[in-house]
Number of protein chains: 2
Amino acid sequence: MAEPNHVPRTAVRQLAMVFLATGLWFVPAPDGLAVEAWRLFALFGTAILSVVISAFPILTAAVFAVAAAVLTNLLPAEKAYAGFANGTILLIVLAFLVARSVVKCGLGMRIGHLMVSLFGRSALGLSYSIFLVDSIIAPAFPSNTARSGVIYPMAFSLADAAGARPGEDGRRRLGTFLMFSGIVSLSLSSALWLTAMAANPLGTEMARAFGVEIGFGSWLLAASVPTIAGIVLMPLVLRWLIAPEQNATPEAPAAARRALKELGPLRRDEKIVLAAFVGMVLLWGAAATLGLDSTAIAFLGFGVLLASGVLTLQDIAKEGDVLATFIWFAVLFTLSSQLNELGFMGYLGQHIAASLIGLSPLVAALILIVAYVVLHYMFVSQTAHLLALFGVFLDVGVKLGVPATPLAFQLLFATNYFSAITPQGSSANLLFAGSGLLSQRDMYRLGGYSTAFCMLVYLVIGIPWLLLVTR
Amino acid sequence: MAEPNHVPRTAVRQLAMVFLATGLWFVPAPDGLAVEAWRLFALFGTAILSVVISAFPILTAAVFAVAAAVLTNLLPAEKAYAGFANGTILLIVLAFLVARSVVKCGLGMRIGHLMVSLFGRSALGLSYSIFLVDSIIAPAFPSNTARSGVIYPMAFSLADAAGARPGEDGRRRLGTFLMFSGIVSLSLSSALWLTAMAANPLGTEMARAFGVEIGFGSWLLAASVPTIAGIVLMPLVLRWLIAPEQNATPEAPAAARRALKELGPLRRDEKIVLAAFVGMVLLWGAAATLGLDSTAIAFLGFGVLLASGVLTLQDIAKEGDVLATFIWFAVLFTLSSQLNELGFMGYLGQHIAASLIGLSPLVAALILIVAYVVLHYMFVSQTAHLLALFGVFLDVGVKLGVPATPLAFQLLFATNYFSAITPQGSSANLLFAGSGLLSQRDMYRLGGYSTAFCMLVYLVIGIPWLLLVTR
């Protein structure tokens, strides 16, 4: 008897992906789309799909995609590698290294114990504590990526204090739960405040062309009800989706208080890390006003941690994961931007829009919003997505009779909450994706479900609320 | 009694560096030099000096320098981070990761045993084997950086097979000896062939403006005698400077043959690595002809090693050192390029040149060559150095009556052999610098001495030879 299970299934999937990319490559481009755009889509789309179906890890898929794009002269080398010099991506790399210091010096564990002592009666309590801290600090952080540099060490330390550690199986799902709470929290906290994400003011600026005026207060009012509903509901949804090993931990707060007592006062390294973080947070907050570059602030903080010996070269030597994240994200970021520049995104948006002519405004609006969210599978940057599609979708909606202000708000909120849809959907996800507590499969699965649920909340609660407050 | 030795000396040196940078910053720029160029020199010069005197590791120094340059608005952020997207620098990063596979699969150890069985009667024999292999393959490698991706795994495996390993003290100096042999070998093999380094044909092109015609054959003729002398002498000089723990190892070849026998035939992973390397070498060799990008070839090879499972994500996770090298090199590369772009290098070259007026041609030539070499302390790229100073120095020499052809050759050879002067003097050094077998202090010390000795060889043997063959 043959043993069919001995056929290595991964190899079959890998081969299928190679055939798919090659096949799409030679299919003629649809009318109105440049052949370069179509071929880059063949490479990029296959790379993403091969991660979704676990044919290749994301690093391997990204590396093959960029090699193919450059060796076939589809993209010039300078353009294909441009992502490596992107300030936001470098900020992530530095945030990774800086976050290491919080764990290493023990400050993270201390904060973890502190949070557990306050909210630790259940895994749910820990998740809510992440959402709470994040949404309170968000208006002062114009970059959700920079904010992830603060939320991630906290969430990681919470997981650590609760016994969920990378490579250990005992509380793997608890770790997944807390990490994904961080990702979703950042997506919702960014939707709550006009100043919590760089793309928000940009989007309000673009909406002005449609006669939609949005300020700090009107944004907060419009966002408040659906976003707070999301913040209340999402930890419950995630708990249901992930089923962490331990839910009720009534004795945890007392144990955490004992552990805090044993730790005693702050040690030298903890004080340095605390000072470095407070300094970075203050500078990040003032960055826009003082004209400071966020990445340079992170370089400075990283330098201080190195010079003070809190971080050593031996610590950095263990952070090869960060390099892997740097490579795949920089590559996918660039390929996605190029796909956009070559007109692929605009072409897709216009085709979707054209197919809606004749529908009722409400149905058209719903389809536009769903399509806008689903298309984020193709993007590696929220800002790029906004720049490519927000204007097109808003324009079509208005032409079909959808009121401009509520539609603008819906698309702007979506620009924030869809960040969780893929690990590369926002640079703010990367620290969590690299934590070792989330599998790539989990990230796509949870990303899909939680983005769909957020969309539901913003549609079902948000539409009536928006119609009420935007008169 | 006070205990003066308890004053932490490093802290004093660090403080001195901060004061130096700040002091230079506020000193008015010399006449004719833009204030930006002067201030960038204050940052860059202090960063290099602080590494030389061991005040900061090179990563810390680089990180502070770029943070200061951007936060003071001396450089715009996009320019300051541009080095991260540089193709050559990415090639290095990939070569590091790809080299890992040679060691991991056991192929490196096998090649090491093979070389030891042939040349292993002494440490000197091993060093000569590196120089020999490198100078034979050099004409087919238009990039000394790409070639370092082949020579480094070989040298590292030789060290490994001879018992010199990172973090182990027993044969530390033997490891240093073999690593530095690799660095010097690459600098000399590049000087031997017109096609062994990207800057060589560029330089001959620039020399054409001075009526100097150089082709593949005339370059080889002119380079042969001084370069072969260098290749014969440098292993002896390095042995004398480094004094490896073991010199005579008469029984090593027999032991290596036994070890080879025990290894048996090539294993699956070794075959894959061998095939990937042969493929990359062939593509690198054909890169110029076929218009292929060397970095993309490395991406492809890296992808193959990942997809075949020879390299795993766990392997990459251990390569944080590579990230550290990526960061400091990208930063120093950019700062040095900007220093050049802002006119600092040209200003310096012209001032040196101006001070030589009135000297005899021979003395002027000698001073020009020495100055050209010493100035490489300021450069992080051989090509940038050539572009900035070769024309100026050749022009001044000719005006002072130095014959153009021998001077052009001397400066072109120097452009190759001065690469060893600092760890960042050439991207081809980085793999060796990151090996864990060379300390930063050693690299500056050995770099200074060996570059001085090479210069001596090229002057004492090279000048008469050049006067003979260039009529």
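Note that the structure is predicted; figures quoted are calculated from it, not measured. (Residues numbered from 1 in each chain as written. Chains lettered and ligands numbered in written order. Predicted model: local features only at pLDDT ≥ 70, side-chain atom pairs only at ≥ 80, totals over all residues. Heavy atoms only, no water.)

Novice: Where do I start with the overall build of chain A in this structure?
Specialist: Looking only at helices and strands, chain A has 23 helices and zero strands in total. The C-alpha atoms of chain A give 23 Å as radius of gyration, which agrees with the globular expectation for 471 residues (23 Å, within 12%). Along the three orthogonal principal directions, the C-alpha set of chain A runs to about 70 × 65 × 55 Å. Out of the 471 residues in chain A, the part that is buried amounts to 57%. The long-range fraction of contacts in chain A, counting pairs at least 24 apart against all pairs at least 6 apart in sequence, stands at 79%. In the structure as shown, chain A presents an accessible area of about 17,600 Å², 67% of it carried by carbon and sulfur atoms. Considering chain A, the positive charge centre built from 26 side chains and the negative charge centre built from 22 side chains are found 8 Å apart. (Helix = DSSP H or I, 4+ residues; strand = E, 2+ residues; numbered from the N terminus. Rg over C-alpha atoms; globule rule 2.2 N^0.38 Å. Buried < 20%, exposed > 50% of the residue type's maximum accessible area, 1.4 Å probe, protein only. Contact = heavy atoms within 4.5 Å. Areas by Shrake-Rupley, 256 points an atom, 1.4 Å probe, with all protein chains shown as cover. Lys, Arg positive; Asp, Glu negative; His and termini not counted. Charge placed at Lys NZ, Arg CZ, Asp CG, Glu CD.)

Novice: It is not clear to me how the relation of the copies chain B and chain A should be interpreted in this structure. Could you clarify?
Specialist: These two copies of the chain differ by a rotation about an axis and a displacement along the same axis. Rotating chain B by 180° and translating it 0.0 Å along the rotation axis places it on chain A, where the RMSD comes to 0.0 Å. The operation mapping one copy onto its partner corresponds to a two-fold rotation axis. Considering only C-alpha atoms, the residue of chain B closest to the rotation axis is Gly320(B), which sits at 1.9 Å. Mapped onto chain A, 100% of the interface residues of chain B are again interface residues, and the two copies thus contact each other with one and the same surface. (Least-squares fit on C-alpha atoms with pLDDT ≥ 70 in both.)

Novice: Would you mind going over unusual backbone geometry with me for this structure?
Specialist: Most of the time, phi is negative for any residue but glycine, and the peptide bond is trans. All names here are of chain A. In this model, Ser-54 sits at a positive phi of 60°, which is unusual for a non-glycine residue. Inspection of the secondary structure assignment puts Ser-54 in the loop between α2 (35–52) and α3 (58–71). Among the residues examined, Ser-54 registers a relative accessible area of 29% and is labelled partly exposed. Phi is positive for Ala-243, which is not a glycine, with a value near 50°. Structurally, the position occupied by Ala-243 is in the loop between α11 (216–242) and α12 (252–263). Given a relative accessible area of 37%, Ala-243 falls into the partly exposed group.

Novice: What's the story with the pattern of salt bridges in this structure? I'm lost.
Specialist: Within this structure, the stated rule accounts for 26 salt bridges over all chains. The shortest N-O distance in the salt bridge between Asp315(B) and Lys104(B) comes to 2.8 Å. With Asp315(B) in helix α15 (residues 313–317) and Lys104(B) in helix α5 (residues 87–105), this residue pair connects regions lying 211 residues apart in the sequence. Here Glu168(B) and Arg165(B) are joined by a salt bridge, their closest N and O atoms 3.9 Å apart. Through salt bridges with shared partners, one network takes in Arg110(A), Arg267(A) and Glu270(A). (Salt bridge = Lys/Arg side-chain N within 4 Å of Asp/Glu carboxyl O.)

Novice: Looking at this structure, I do not really get the domain arrangement of chain A. What am I missing?
Specialist: Interfaces are often sized by the accessible area lost when the parts come together. Residues and elements named next belong to chain A. Segmenting chain A into domains produces domain 1 (9–80), domain 2 (85–198 + 212–324) and domain 3 (332–469). Centre-to-centre, using C-alpha coordinates, domain 1 lies 23 Å away from domain 3. Between domain 1 and domain 3 the total buried area reaches about 1,900 Å² when both faces are included, carbon and sulfur atoms providing 76% of it. Counting the surface domain 1 buries against domain 3, the share from its top three residues, Phe-44, Ile-48 and Ile-58, is 30%. Where domain 1 meets domain 3, there are one salt bridge. Between Lys-79 and Glu-341 there is a salt bridge; the shortest N-O distance is 4.0 Å. (Domains from an automatic or database assignment. Buried area = accessible area lost by both parts, 1.4 Å probe.)

Novice: Help me out: how do you make sense of the packing of α5(B) against helix α14 (residues 294–307) of chain B in this one?
Specialist: For any two helices packed against each other, one specifies the inter-axial angle together with the distance between the axes. All names here are of chain B. At a minimum axis distance of 9 Å, the contact between α5 and α14 shows a crossing angle of 25°. By the angle between their directions, the pair α5 and α14 is classed as roughly parallel. Here α5 and α14 pass one another in a crossing that is left-handed. Across the interface between the two elements, Gly-87, Thr-88, Leu-90, Leu-91, Leu-94, Leu-97, Val-98 and Ser-101 of α5 pack against Ser-294, Thr-295, Ala-298, Phe-299, Phe-302 and Leu-305 of α14. Taken together, the residues of the contact of α5 with α14 break down into nine nonpolar, five polar and no charged. (Axes fitted to C-alpha atoms, helices over the stretch in contact; angles between N-to-C directions. Parallel < 35°, antiparallel > 145°, perpendicular 65-115°, else oblique. Left-handed = near helix turned anticlockwise from the far one by under 90°. Nonpolar A, V, L, I, M, F, W, Y, C, P; charged D, E, K, R; others polar.)

Novice: So what exactly am I meant to see when it comes to the packing of aromatic side chains here?
Specialist: On inspection of all chains with the given rule, the structure shows 37 aromatic pairs over all chains. Considering the side-chain rings of Tyr372(A) and Phe418(A), the 5.7 Å spacing of their centres and the 40° angle between planes classify their relative orientation as tilted. Pair noted here: Tyr372(A) is in helix α18 (residues 361–374) and Phe418(A) is in the loop between α20 (404–417) and α21 (430–433), with a separation of 46 residues, a long-range link. One exposure class covers both Tyr372(A) and Phe418(A), and it is buried. For the pair Phe41(B) and Phe344(B), a centre-to-centre distance of 4.7 Å together with 15° between the ring planes defines the contact as stacked. Residue Phe41(B) is found in helix α2 (residues 35–52), and its partner Phe344(B) is found in helix α17 (residues 344–354); the two are separated by 303 residues along the sequence. (Phe/Tyr/Trp six-rings, centres within 6.5 Å; stacked < 30°, edge-to-face > 60°.)

Novice: Just checking my understanding: could you explain the environment of Leu459(A) for this structure?
Specialist: All names here are of chain A. Here Leu-459 shows up in helix α22 (residues 440–460). Classification of Leu-459 as buried rests on a relative accessible area of 15%. In sequence terms Leu-459 and Val-469 are 10 residues apart; their C-alpha atoms lie 15 Å from each other. When sequence neighbours within four positions are dropped, the list of residues in contact with Leu-459 reads Leu-366, Ile-369, Gln-410 and Pro-464.

Novice: Please clarify how a nonpolar patch on the surface should be interpreted in this entry.
Specialist: A cluster of nonpolar side chains, namely Ile228(A), Val232(A), Leu233(A) and Leu236(A), defines an oily patch on the protein surface of about 300 Å² accessible area. Here Ile228(A) lies in helix α11. (Patch = residues over 30% accessible without salt bridge, like charges linked within 9 Å, V, L, I, M, F, W, Y side chains within 5 Å.)

Novice: What's the story with the interface of chain B and chain A in this structure? I'm lost.
Specialist: Contact residues are listed per partner, giving 47 residues for chain B and 47 residues for chain A. Ranking the residues of chain B by area buried against chain A places Leu71(B), Tyr81(B) and Phe299(B) at the top, with a combined share of 18%. Our count for the chain B to chain A interface comes out at zero salt bridges. Summed over the shared surface of chain B and chain A, the number is six residue pairs in polar contact (both at pLDDT 80 or more). Those elements that provide at least two residues to the side of chain B that touches chain A are α3 (58–71), α5, α14, α15 and α16 (320–341) of chain B. Classifying every residue of the side of chain B that touches chain A by side-chain character gives 35 nonpolar, eight polar and four charged. (Polar contact = N/O pair within 3.5 Å; in protein donor to acceptor, adjacent residues only side chain to side chain.)

Novice: Looking at this structure, I do not really get the packing of helix α9 (residues 172–192) of chain A against α11(A). What am I missing?
Specialist: Residue and element names in this part refer to chain A. Following both chains from N to C, one finds α9 and α11 inclined at 170°, their axes separated by 9 Å at the closest point. On the basis of their axis angle, the class for α9 and α11 is roughly antiparallel. In this structure, α9 contributes Arg-173, Thr-176, Phe-177, Phe-180, Ser-181, Val-184, Leu-188, Ala-191 and Leu-192 to the contact, and α11 contributes Trp-219, Leu-220, Ala-223, Ser-224, Thr-227, Gly-230, Ile-231, Met-234, Pro-235, Leu-238, Arg-239 and Ile-242. Of the residues in the contact of α9 with α11, the class split is 14 nonpolar, five polar and two charged.

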